[in-house]
Amino acid sequence: MVSWRRFRIGLSLFLLAVGLSGLTAACQFQATLPDGRPAQVNLTLVSFALTRKAHEAIIPLFAAQWKREHQQEVRFRTSYGASGSQARAVIDGLEADIVHLSLGLDVDRIAQAGLIRPDWARQAPHNSTVTTSVCTLITREGNPKNLQTWQDLTREGVTFVTANPKISGAARWNFLALWGSVTQTGGTPQEAKAFVTEVFRHVAALPRDGREATDAFLTQGQGDALINYESEVILARKQGKRLSYHIPKVNILIENPVAIVDKYADQHGTREVAQAYLQFLYTPQAQEVFAQYGFRPVDGTVLAAHAQEFPRVPTLFTVRDLGGWERVQAQFFAQGALFDQIQRENQA
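Just so you know, the residues in each chain are numbered from 1, in the order the chain's sequence is written. Selection of residues for local features in this predicted model requires a pLDDT of at least 70, selection of side-chain atom pairs for listing and counting requires 80 or more, and totals for whole chains, interfaces and linings are taken over all residues. To get the side-chain values, take all heavy atoms of the structure and skip hydrogens and water.

Undergrad: Help me out: how do you make sense of the pattern of salt bridges in this one?
TA: Here the idea is simple: oppositely charged side chains can pair when their charged atoms come close. One side-chain nitrogen of Lys or Arg within 4 Å of one carboxyl oxygen of Asp or Glu is enough to make a salt bridge. On inspection of all chains with the given rule, the structure shows 15 salt bridges. With a closest N to O distance of 3.8 Å, Arg52 and Glu56 form a salt bridge. Of this pair, Arg52 and Glu56 both sit in helix H2 (residues 52-70), separated by four residues, roughly a single helical turn. The rule is simple: take the accessible area with a 1.4 Å probe, protein chains only, and divide by the maximum for that residue type; under 20% is buried, over 50% is exposed, in between is partly exposed. Overall, the relative accessible area of 34% leaves Arg52 in the partly exposed class. On the basis of relative accessibility, which here comes to 39%, the residue Glu56 falls in the partly exposed class. A salt bridge links Asp106 to Arg109, with the shortest nitrogen-to-oxygen separation between them at 3.9 Å. Of this pair, Asp106 and Arg109 both sit in helix H4 (residues 104-112), separated by three residues, roughly a single helical turn. Asp106 sits in the buried class, given a relative accessible area of 1%. Take Arg109: its relative accessible area is 23%, and that puts it in the partly exposed class. To qualify as a helix, a DSSP run of H or I must reach at least 4 residues; to qualify as a strand, a run of E must reach at least 2; elements of each kind are numbered from the N terminus.

Undergrad: Would you explain the nonpolar core in this entry?
TA: Note on soluble globular proteins: their nonpolar side chains tend to be buried together. Judged by nonpolar contacts, the single largest core of 70 residues is most densely connected at Leu153, Phe175, Leu176 and Tyr277. No other element matches the eight residues that helix H5 (residues 169-183) contributes to this core. Leave out the neighbours within four places in its chain, and Phe175 touches Val196, Phe200, Phe332, Phe333, Leu338, Phe339 and Ile342. The criterion is simple. A nonpolar core is a set of buried Ala, Val, Leu, Ile, Met, Phe, Trp, Tyr and Cys residues joined through side-chain atoms within 4.5 Å. In terms of nonpolar packing, the next biggest core, distinct from the first, is built from 15 residues, Ile116, Ala259, Val261 and Tyr264 among them. Contact criterion: two residues are considered in contact whenever any of their non-hydrogen atoms come within 4.5 Å of each other.

Undergrad: Explain the sheet that holds strand E7 (residues 203-205) to me, please; I cannot follow it from the model alone.
TA: The strands that make up a sheet are held in pairs by hydrogen bonds between backbone atoms, and each pair lies either parallel or antiparallel. Paired strands are those between which DSSP finds at least two bridges. Spatial ordering of the open sheet is given by E7-E6-E8-E5-E9, a layout of five strands whose pairing is mixed. Each edge of the open sheet is held by one strand with a lone partner, namely E7 and strand E9 (244-246). Note that strand E6 (residues 160-161) and strand E8 (residues 225-229) share two bridges and pair parallel. Its bridge partner lying in E8, Phe160 is registered against Ala225. With respect to the sheet, helix H8 (residues 230-238) is in contact with strand E5 (135-139), E8 and E9, its orientation differing from that of E8 by roughly 105°. With axes taken as lines fitted to C-alpha atoms, and helix axes fitted only over the stretch in contact, angles between N-to-C directions fall between 0 and 180 degrees.

Undergrad: Sorry, what's going on with the layout of surface pockets here?
TA: Of the two site types, the cavity is a set of points on a 1 Å grid over the protein atoms alone where a 1.4 Å probe fits but cannot get out, and the pocket is an open set with protein on both sides within 12 Å along at least five of seven lines, each lined by residues with an atom within 4 Å of a point. Grid points are joined across faces, edges and corners, and a volume is the space filled by probe spheres set on the points. One number sums up the size of the largest pocket: a volume of about 490 Å³. In terms of lining, the largest pocket is formed by 24 residues, of which the most central are Asn127, Thr129, Glu255, Val319 and Arg320. Of all the elements in the fold, those that place two or more residues in the lining of the largest pocket are H4, strand E4 (129-133), strand E11 (254-260), strand E12 (296-297) and helix H13 (325-333). Considering each element in turn, the lining of the largest pocket owes the most residues, three residues, to H4.

Read these as geometric descriptors, not functional statements.
Here it is as structure tokens:
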């Protein structure tokens, strides 16, 4: 038994040495351009789940442009998941060069860990917001239960799906849309709490992120409705899925920020190309791709060209109207805060 253990340890060390030797050899023989620059640059993008299709379409466009202008290949490593989980992964050592997350709070957390400069929001246009959206009420085909407002979710016999606000950025926007539908129309915080508590008595599932919430609703058949980004509806329709949706007239403007992870970009020597990709996301070409995948562009001209797809919302508030992310996090989503209280009350 002892000899077998020693053999396994020796084999592991041997394989590790072989792997490191291969890595060293790969570094030693990395191709370079005549001016000494590497022929290939590797860039790591970490983003929230709902952006996968859009970035998969944008990345080749950027890589082709960079190749034309700089003669370098750009290879992307990508990671997609719940925004909060993605932020924690970067803090814990996932060496992203760029993050595109669901909400500013998640970028702030990475900044507080010393990985992103504190003034990140001032480093790009629109306070570093590169995509926007609104919350939609997605229903079964033909809307058989006639669900049109947030209040309709409290009707007898109605259930719905939303991602989990404790880990999903998309779900936090959903929660705030529900809360603000009361407070931004003259209601008190007490009335908002009573309303949101009643809404969550009707929840059928709380998946990890917005994409899993869509799968739970469309593929698994859970719930009469789904609260999710407007982009999920548009993407599902492009994929041939038939469903109905309504954009409630009182809604929140979802703002998705982008930032360079300064520490890792500098360590990797990728700041120039990371900055270029970030800037490319604001170009009409990339904004058009975001629009095609259901995100409301921040480029006014592109947004105007898609006015029929993105109807105006009569009462549209922002997270700043609710006090900003730090206050919102402490009030609603921190350990023991309002969402936890609502869950305990509903489970009692």
